[in-house]
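Working through the structure, step by step
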Amino acid sequence: MHTIILAFIFGFAILCLSMRRRRRWLHDIAGPRSGSWLYGHQLRFNRQNDVGELDFEWNHRYGNIWRIDDCFGGESLMVADPKAIHHILHVQGYGYPKTRLSRQFTALAFGRDDTHVQHRKVLAPAFAAQPIRAFLPIFRRVAAQLVQIWKDQLQCGDMSKPQVLSVSRGFSNATLDIIGETVFDYHFGSLDGFEERNEFSDIFHNLWANSNLHPSKPAILFGATWQFIPESLLRFVEYLPFRQFVRFREYLVAGKRAGKEMLKDMTQYVSEGKKSHHADILSIIVDANNSSDSSVRLSEDEVLSQVTTLLFAGHETTATTLTWLAYELAHHQADQDEIRREITGRRAKLPLRQRDFSVADLDALVFTNACIKEVLRFHPISPWVTRESAIHDIIPLSKPITLKSGKTIADIEIGSGVPVLISTCAYNRLASVWGADAHEWNPRRFLNPHLRDTQVSVGLHANVLTFSGGNSGCIGFRFALLEMQSTITELIENIKFTPPPGMDDIEMLRVPVGAIMAPMVKGKLHERTQMPLGVEFLH
Ligand code: HEM
């Protein structure tokens, strides 16, 4: 018993000393004070109801870089400054690895720092432009199925006017079916059984929201101690009875079970010395893995972890972005009409023997693509990028800041071990980068050929930060873009979105649930993810 108490006191002392050491670097940087040694800003931050409500306020008050309080008296650096973001993600890269907490689930596939390069190398061929193009027919087919399902649902009512549907569930099922088929040729059938229960869509439905909405105080404190727990022990965390781990465990078990079935067929094929005959991502990974040096080859369990991470990273992110796109188009009818005109014009130009849009056709839809860029900028599904300095470094700034001591500096010196929270939501709304109307929906900003002239390069697409950047940026961004182009064109050709009729006082929130944000109705958070919109058929 004495040993346990001594170990606890010793551990606690190390935690306090370590927090103190990190604080040294940030003590003179301006930022809000929480007044709580135990929770810092973490309670408020994790329980905010609308993404940006804190970041926008702090960014406005303290400039593009500021300090916030963490649990146990620790501090984090929050960054929205473009030059600093470029430096952290692109120049230093692994000098600022993901924190253990943020690697909670992607680490399953992308390993600890030392194995990330190897995992990424095996995955990269599957996410090059060419293999992604091959998925276009799948994207188009699933989008058409979604249109048909919504049509069937609305046929029970008056088809001559918009009727209310929660579009988020439809997008979620569609992207789940797409990810199943493209990642490992697995048919989840979530759209087939739209009205019925389906094991996979049930597991994924509200996975983030049920597990991470308004985390409990013990869960927040526990998360703050992860940086001090050895990696070897952290892998047992998923067995703990916290609600976030219970739900994620269910998903891991189901995802790996499905992946195992597919992998069995594939490895048998490959063991016969053949290249796999499928074009799905898992087959490409298996081929790439087999042709890599045996010393760096991934184990079967590591390959299966890739599958579960891809299901997880590539499903709700795209679904939620499409959900917000439908929302914005419902509230900006002129933009929706312009997209429709653009699609109709393009279709009229298709050669007789070409039955559907090609990738080039979709890329040529300039205004539609501007709307996709704008939704990524305006509603970043992953509002923060979490890192921790592993080096002693000088971070350059686009704009000098004034320290609490009154001194003005053009760069910040930090030591290793400082948590760095890159505020994607604040960067994506900087007036200095996007113009004076940065807090408004305006896809036309992306039609301005001079928009990029003075921008520092940070993001993977259109310089928005929503896919992050650098060596850990979203590997699936090309996949997500083509999937969104395919889906939105199919929908807007056939459907008109409007604000939900009879629900004038409804207010939508972007509620943070762990690493992503979910659309929920103000006052109805208990109903979890939803997006009620008016939907009307055009033909
Ligand atoms: C709109 C849709 C999407 C958004 C906004 C998005 C955003 C992100 C972000 C912010 C990261 C974290 C990067 C970091 O920590 O620096 C990430 C990582 C990742 N994403 Fe995406 N993503 C999307 C769609 C997809 C799709 C469709 C796939 C796969 C089919 C995918 C696969 C991944 C993977 C595997 C990682 C981990 C990369 C690594 O650790 O190296 N994502 N994504």
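Rules used in this analysis
- Residues numbered from 1 in each chain as written.
- Predicted model: local features only at pLDDT ≥ 70, side-chain atom pairs only at ≥ 80, totals over all residues.
- Heavy atoms only, no water.
- Buried < 20%, exposed > 50% of the residue type's maximum accessible area, 1.4 Å probe, protein only.
- Helix = DSSP H or I, 4+ residues; strand = E, 2+ residues; numbered from the N terminus.
- Arc of directions from axis to C-beta.
- Contact = heavy atoms within 4.5 Å.
- Core = buried A, V, L, I, M, F, W, Y, C linked by side-chain atoms within 4.5 Å.
- Near = heavy atom within 4 Å.
- Polar contact = N/O pair within 3.5 Å; in protein donor to acceptor, adjacent residues only side chain to side chain.
- Nonpolar A, V, L, I, M, F, W, Y, C, P; charged D, E, K, R; others polar.
- Pairing = 2+ DSSP bridges.
- UniProt positions renumbered as here; feature names shortened; annotations may be inferred.
- Axes fitted to C-alpha atoms, helices over the stretch in contact; angles between N-to-C directions.
- Salt bridge = Lys/Arg side-chain N within 4 Å of Asp/Glu carboxyl O.

**Considering helix 3 (residues 53-62)**
Taken together, the buried positions of helix 3 are occupied by L54, D55, W58 and N59. The buried residues of helix 3 occupy an angular sector of 125° when the element is viewed end-on, so they sit on one face. Facing away from the buried side of helix 3 by more than 90 degrees, the exposed set consists of H60 and R61. Buried residues belonging to helix 3 abut helix 2 (42-46), strand 1 (65-69), strand 2 (75-79), strand 4 (384-388), strand 7 (419-423) and helix 21 (424-427). G63 occupies a position one or two residues after helix 3 and carries a positive phi of about 95°.

**Considerations on the nonpolar core**
In a soluble, globular protein the nonpolar side chains are often hidden away together inside. Core analysis: the biggest nonpolar cluster contains 149 residues, and W150, F184 and F497 have the highest contact counts within it. Membership of the second largest hydrophobic core comes to seven residues, among which are L43, C71, I220 and L221.

**Digging into the site of the ligand**
Around the ligand, the surrounding shell holds 24 residues, and the nearest of these are K98, H116, R387, S468 and C474. In this structure, an oxygen atom belonging to the ligand sits 2.7 Å away from a side-chain N or O atom of K98. One nitrogen or oxygen atom from the main chain of S472 is found 3.3 Å from an oxygen atom belonging to the ligand. Mapped onto the shell around the ligand, the elements with two or more residues apiece are helix 6 (113-123), helix 16 (300-313), helix 17 (316-331), strand 4 and helix 23 (477-494). In terms of residues, the shell around the ligand owes the most to one element, helix 17, which gives three residues. Of the residues belonging to the shell around the ligand, the class tally is 11 nonpolar, 10 polar and three charged.

**A few points about the pairing of strand 9 (residues 508-513)**
In terms of residue burial, strand 9 counts as a mostly covered element, since six of its six residues are buried. By the alternation rule, side chains of strand 9 split into M508, R510 and P512 and L509, V511 and V513, which are all buried. Bridge count between strand 9 and strand 10 (residues 516-521): six bridges; the pairing is antiparallel. Each bridged residue has a counterpart across the sheet, and for L509 the counterpart in strand 10 is M520. The hairpin formed by strand 9 and strand 10 contains two residues between the paired strands, and G514 there has a positive phi angle of roughly 75°.

**As for the environment of P396**
Following the sequence through the fold, P396 ends up in strand 5 (residues 393-402). For P396, a relative accessible area of 25% puts it in the partly exposed group. Note: C-alpha distance between P396 and I409 (13 residues apart in sequence) is 9.5 Å. The contacts of P396, once residues within four sequence positions are left out, are D81, K83, A84, H87, A410 and D411.

**Quick look at the environment of A129**
Tracing the sequence through the fold places A129 in helix 7 (residues 129-133). Spatially, the C-alpha atoms of A129 and R478 are 6.9 Å apart, while their sequence positions differ by 349 residues.

**A short note on the UniProt feature "binding site: heme" (unreviewed entry) in the chain**
Mapped onto this structure's residue numbering, the UniProt feature "binding site: heme" (unreviewed entry) falls at C474. Mapped onto the elements, C474 comes out in the loop between helix 22 (431-434) and helix 23. Those residues in contact with C474 that lie beyond four places of it in its chain are R120, L460 and F467.

**Regarding the sheet that holds strand 7**
The four strands are arranged 1-2-7-4 in an open sheet whose pairing can be described as mixed. The two strands at the open ends of the sheet, each matched to only one other strand, are strand 1 and strand 4. Strand after strand, the sheet turns through a mean of 25° between neighbouring axes, direction not considered. This element, helix 3, spans strand 1, strand 2, strand 4 and strand 7 of the sheet and lies at about 125° to strand 1. Sheet strands touched by helix 4 (residues 82-92): strand 1, strand 2, strand 4 and strand 7. Its angle to strand 7, the strand with the most contacts, is close to 120°.

**Quick notes on the pattern of salt bridges**
Within this structure, the stated rule accounts for 18 salt bridges. A salt bridge links E75 to R67; its shortest N-O distance comes to 3.1 Å. With its nearest N and O atoms 3.4 Å apart, the salt bridge here joins D337 to R340. Pair noted here: D337 and R340 are both in helix 18 (residues 333-348), with a separation of three residues, about one helical turn. A residue is classified by how much of its surface remains accessible, and D337, at 32% relative accessible area, is partly exposed. According to the relative accessible area criterion, R340 is buried, its value standing at 14%.

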